[in-house]
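Inside the fold
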Amino acid sequence: MSDGTYAGGPALEAVGLGKRYRRGWALRDCSFRLPAGRICGLVGPNGAGKTTLLGIAAHVLEPTEGTLSVFGAAPGSAEAGRRTAFLAQDKPLYRTFTVAETLRLGRELNPGWDQRAAEGIVRAGNVPLDARIATLSGGQRTRVAFALAFGKRPDLLLLDEPMSDLDPVVRHELMGTLMAEAAERGSTVLMSTHVLAELESVCDYLVVVAQGGVRLAGDVDELLYAHTRVSGARNGEGVPADLAHHTVVESRTGGRQFSALIRAEGPLAGPWDTDSPTMEELLLAYLRSTGAPPLITPTAEVRTGTQAVAA
């Protein structure tokens, strides 16, 4: 069984990555690294480049500029292909195949196939092996797609909105399966989702993209520790003077109250009430405030020679 590592290097590394379509840039100057063995949430608004990034990592798309490596190898290489599994939003499956035929196809195409694990995921949802894909519900098809991905025994699992068509109960069950399988194998997971609340209990790493670039990337604990929620009485308009030398990510006023999410640059002065943000609060602040300076923690920085590249 692979331990999901690459000689101490990252599972995924993007350097100056960009992808341009006819309508414009989907990604531009995107640089970050994802250490091996992490469960990473990929977050951003529609059109931010999440699907494009996952497509490049899975070798479904070619970048216009920059590079992306998977365990040090190019996405189109045999090494990267062997170690990567990709589950797209539309979960493409052969509709005329039975579930058993679908799993047999996975076994024949993947030398390291784990039939026991794949069948276990299917049977846990009471999906008949002799049923044709076209007759399955959306949740059942998602379960079969998950079985194909995990049956490959990937070191890197790329998931693009994998549970968008599922009800909350099935989402919770499959998320538990995902976490258990990843923990058992030491797999790295990069998962895009719009359901921010579910990330808090499963992800230990984050990459936030907006307007084609990386806005936030790194270890969840480090990102949360770097931010503080402040609130207090408003005195005048705009950002209070004693917060001016801190990085204000987002601020709000309501009546006589002022509140903000900040990155403190030293001790806080003034009679402020302070608290730590939740992951959801942190993500929403960066998604709403696209003008705030990005933050890339040391574990997510890309280093070329002696220089760190921050997106």
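Everything quoted here is computed from the prediction, not taken from an experiment. (Residues numbered from 1 in each chain as written. Predicted model: local features only at pLDDT ≥ 70, side-chain atom pairs only at ≥ 80, totals over all residues. Heavy atoms only, no water.)

Quick look at the domain arrangement of the chain
- We note that the domain assignment places domain 1 (10-211) and domain 2 (221-296) within the chain.
- When each unit is reduced to the centre of its C-alpha atoms, the spacing between domain 1 and domain 2 is 34 Å.
- The interface is formed by 11 residues belonging to domain 1 together with 8 residues belonging to domain 2.
- Interface area, domain 1 with domain 2, both sides summed: about 970 Å², of which 78% is carbon and sulfur.
- The largest per-residue losses of area from domain 1 upon contact with domain 2 belong to Leu196, Glu200 and Leu206, which jointly make up 51% of the total buried on that side.
- Counting across the interface, domain 1 meets domain 2 through 0 salt bridges.
- The tally of links between domain 1 and domain 2 comes to 1 residue pair in polar contact (both at pLDDT 80 or more).
- If you list the elements that add at least two residues to the side of domain 1 that touches domain 2, you get helix H7 (196-199) and strand S8 (205-210).
- A per-element tally of the side of domain 1 that touches domain 2 places H7 first, with 3 residues.
- Across the side of domain 1 that touches domain 2, the residue classes break down as 8 nonpolar, 2 polar and 1 charged. (Domains from an automatic or database assignment. Contact = heavy atoms within 4.5 Å. Buried area = accessible area lost by both parts, 1.4 Å probe. Salt bridge = Lys/Arg side-chain N within 4 Å of Asp/Glu carboxyl O. Polar contact = N/O pair within 3.5 Å; in protein donor to acceptor, adjacent residues only side chain to side chain. Helix = DSSP H or I, 4+ residues; strand = E, 2+ residues; numbered from the N terminus. Nonpolar A, V, L, I, M, F, W, Y, C, P; charged D, E, K, R; others polar.)

Observations regarding helix H3 (residues 99-109)
- For H3, the set of buried residues is Val99, Thr102, Leu103 and Gly106. With its buried residues spanning 95° around the axis, H3 presents them on a single face.
- Tucked inside the fold, the buried residues of H3 contact helix H4 (115-124) and helix H5 (138-151). (Buried < 20%, exposed > 50% of the residue type's maximum accessible area, 1.4 Å probe, protein only. Arc of directions from axis to C-beta.)

Considering the packing of H5 against helix H6 (residues 168-185)
- Put simply, H5 and H6 touch, their axes get as near as 12 Å, and they point 5° apart. Overall, the two elements H5 and H6 adopt an arrangement that is roughly parallel. For the pair H5 and H6, contact is made by Thr142, Arg143, Phe146 and Phe150 and by Glu173, Leu174, Leu178, Glu181, Ala182 and Arg185, respectively.
- Within the contact of H5 with H6, the residues separate by chemical class into 5 nonpolar, 1 polar and 4 charged. (Axes fitted to C-alpha atoms, helices over the stretch in contact; angles between N-to-C directions. Parallel < 35°, antiparallel > 145°, perpendicular 65-115°, else oblique.)

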